[in-house]
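Coordinate inspection notes
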Amino acid sequence: MDQSNRKIDYYIDKLNLKPHPEGGFYKETYRSIESINGNRSLMTSIYFLLTSDNVSHFHRIKSDEHWFYHAGDSLTVHLLNEHGHVKLKLGPILENGEEFHHVVPKNTIFGSSVEEEGGFSLVSCVVAPGFDFEDFELLNSTELLRHFPDEKEIITKLTFE
């Protein structure tokens, strides 16, 4: 087992991460007791670990999501919007245009990947108003290709179909 796999297994074990429906591994770390309209937490946060073989598939949620880099290789957050395919880079190498955090605006189509072969990235995601699976929409390649026909390569990589 190489060093990267040991670190992946270490974080999954020590942080008690479980498979996420969109890909990767996660654990909710905080859910505020304060709520909006009596049923929506003001804020939630998770640890989220992705590997080069286990991407975050294209999805959309109804709240802003703030991503924070913690460890491992750089992570690319892929957005599909009116500008086409936009990449946000999270990571520790600032001179390469990476940043320690980025916000994905609500209702944005996005997914994430680790480009380093055999690599991983550990991040936190903070959602406000808080995340609820009722607001989670996993997108398919047919629908995305209809709206973004020039983005076939990334859509194929970040969808289940």
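The present account deals with the structure reproduced in this document. (Residues numbered from 1 in each chain as written. Predicted model: local features only at pLDDT ≥ 70, side-chain atom pairs only at ≥ 80, totals over all residues. Heavy atoms only, no water.)

1. As for the sheet that holds strand β12 (residues 120-128)
Threshold: In this description, strands pair whenever DSSP reports at least two bridges between them. Helix numbering and strand numbering both begin at the N terminus, where a helix is a DSSP run of H or I of at least 4 residues and a strand a DSSP run of E of at least 2.
The strand order across the open sheet built from six strands is β1-β2-β5-β12-β7-β10, with neighbouring strands paired in antiparallel fashion. Across the chains shown, the open sheet's two edge strands, defined by having one partner strand only, are β1 (18-19) and β10 (101-104). Sheet topology places strand β7 (residues 64-72) next to β12; eight bridges connect them, and they run antiparallel. Within β12, the residue paired with W67 across the bridge is C125.

2. Thoughts on the layout of surface pockets
Operational definition: In this analysis, the protein atoms alone were mapped onto a 1 Å grid. Cavities are point sets where a 1.4 Å probe fits without being able to get out; pockets are open sets with protein on both sides within 12 Å along at least five of seven lines; lining residues have an atom within 4 Å of a point. Grid points are joined across faces, edges and corners, and a volume is the space filled by probe spheres set on the points. Note that Gly is not counted as nonpolar here; it falls among the polar residues with everything else outside the nonpolar set of Ala, Val, Leu, Ile, Met, Phe, Trp, Tyr, Cys and Pro and the charged set of Asp, Glu, Lys and Arg.
When its volume is computed, the largest pocket comes out at roughly 220 Å³. Lining the largest pocket are 19 residues, and of these H20, Y26, I46, V127 and F131 lie nearest its centre. Breaking the lining of the largest pocket down by element, the ones donating at least two residues are β2 (25-31), β5 (44-51), β7 and β12. The greatest single-element share of the lining of the largest pocket, amounting to four residues, is contributed by β5. There is about 180 Å³ of room inside the second largest pocket. Forming the boundary of the second largest pocket are T76, H78, H85, K87, K89, E115, E153, I154 and K157. Those elements that provide at least two residues to the lining of the second largest pocket are β8 (75-81), β9 (84-90) and α3 (152-157). Per-class residue counts for the lining of the second largest pocket are one nonpolar, three polar and five charged.

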